[in-house]
Amino acid sequence: SQTIHQWPATLVQPVGSPLSLECTVEGTSNPNLYWYRQAAGRGLQLLFYSVGIGQISSEVPQNLSASRPQDRQFILSSKKLLLSDSGFYLCAWSEQGHQPQHFGDGTRLSIL
Amino acid sequence: DAKTTQPPSMDCAEGRAANLPCNHSTISGNEYVYWYRQIHSQGPQYIIHGLKNNETNEMASLIITEDRKSSTLILPHATLRDTAVYYCIVDNAGGTSYGKLTFGQGTILTVHP
């Protein structure tokens, strides 16, 4: 069966520091991969999606970037974190096409 | 983009059926209706999805009206562990090869003993 792993579960970072969140999927090949952010008390917002290695699309302008160096690996990065980058970050995967998305357990990021 | 309207909160007694409504009056012919739920501090969990026909799986049933302008998620025997925020989402990615889910505020379902 397919599984998705995200780490770390929680992270506290100072303003201006870099960020790297990793997500890996097992048990499938060539999945669609997604990064979402959920601000406190609000719905999820799609940040990035990828339909293949090296193919990244951004949904909203922001201080973050994403990369997909391997088929089942999706990385969310920032060179300098802002206070507004705080939130709950979720990675998800789906089969190609209109298929259900399956989410990881998320990373709760606090910026001080 | 097709949008959805859900009641902000609902209550249900344990062991009874929970019926969660959703309006999506601007849905297009090729857009699917998805239901997810999110238990506090966890990632959303996929429940069920459908296009036109009613669907059932081990978790729930999805009833879509004939005009597709609304749907109802049914949890047949709610338990305390079903307490969560339930999201009704219309997949508005059109003919692309990826899904684009837009999460609204959802319905907070509270199951009480």
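Residues numbered from 1 in each chain as written. Chains lettered and ligands numbered in written order. Predicted model: local features only at pLDDT ≥ 70, side-chain atom pairs only at ≥ 80, totals over all residues. Heavy atoms only, no water.

Student: Even after reading the chapter, I still don't get the pairing of strand β7 (residues 65-70) of chain A, so can you show me in this structure?
Tutor: As a general feature of sheets, a regular strand has side chains that alternate between the two faces. Residue and element names in this part refer to chain A. In this structure, β7 lies alongside strand β8 (residues 73-78), joined through four bridges in antiparallel fashion. Looking across to β8, one finds that Q70 is bridged to Q73. The hairpin formed by β7 and β8 contains two residues between the paired strands. (Pairing = 2+ DSSP bridges. Helix = DSSP H or I, 4+ residues; strand = E, 2+ residues; numbered from the N terminus.)

Student: I tried to follow the sheet that holds strand β1 (residues 9-13) of chain B on my own but got confused; where do I start?
Tutor: Backbone hydrogen bonds are what pair the strands of a sheet, in a parallel or an antiparallel way. Residue and element names in this part refer to chain B. Taken together, five strands build an open sheet; the order of strands is β1-β9-β8-β3-β4 and the sheet is mixed. Because the sheet does not close on itself, it has two edges, and the strands there are β1 and β4 (45-50). The sheet shows a mean angle of 25° between the axes of neighbouring strands, taken without regard to direction. Summarising the sheet, strand β3 (residues 33-38) and β4 pair through five bridges and their orientation is antiparallel. What sits directly across from R37, in β4, is Q45. (Axes fitted to C-alpha atoms, helices over the stretch in contact; angles between N-to-C directions.)

Student: When you look at the interface of chain A and chain B in this model, what are you seeing that I'm missing?
Tutor: Accessible area lost when the parts come together is the quantity often used to give the size of an interface. If you look at the interface, chain A gives 25 residues, while chain B gives 24 residues. For the pair chain A and chain B, the two sides together bury roughly 1800 Å², of which 51% comes from carbon and sulfur. Applying the counting criterion to the chain A and chain B interface returns two residue pairs in polar contact (both at pLDDT 80 or more). For the side of chain A that touches chain B, the elements supplying multiple residues, two or more each, are β4 (32-38), β5 (44-52), β9 (87-94) and β10 (102-103) of chain A. For the side of chain A that touches chain B, the residue count by class is 10 nonpolar, 11 polar and four charged. (Contact = heavy atoms within 4.5 Å. Buried area = accessible area lost by both parts, 1.4 Å probe. Polar contact = N/O pair within 3.5 Å; in protein donor to acceptor, adjacent residues only side chain to side chain. Nonpolar A, V, L, I, M, F, W, Y, C, P; charged D, E, K, R; others polar.)

Student: Help me understand the layout of surface pockets in this model?
Tutor: Taking a probe equal in size to a water molecule and rolling it over the atoms shows the remaining empty space. Roughly 420 Å³ of internal volume is contained in the largest pocket. Around the largest pocket, the lining comprises 20 residues; the ones closest to its centre are A:Q38, A:G41, A:R42, B:Q38 and B:H40. Of all elements in the fold, only β9 of chain A together with β8 (84-90) of chain B reach the threshold of two or more residues within the lining of the largest pocket. Among the elements that make up the lining of the largest pocket, the one with the highest residue count is β8(B) (three residues). (1 Å grid on protein atoms, 1.4 Å probe; cavity = no way out; pocket = protein on both sides within 12 Å on 5 of 7 lines; lining within 4 Å. Points joined across faces, edges and corners; volume = space filled by probe spheres on them.)

Any functional reading would require information that these geometric values do not contain.
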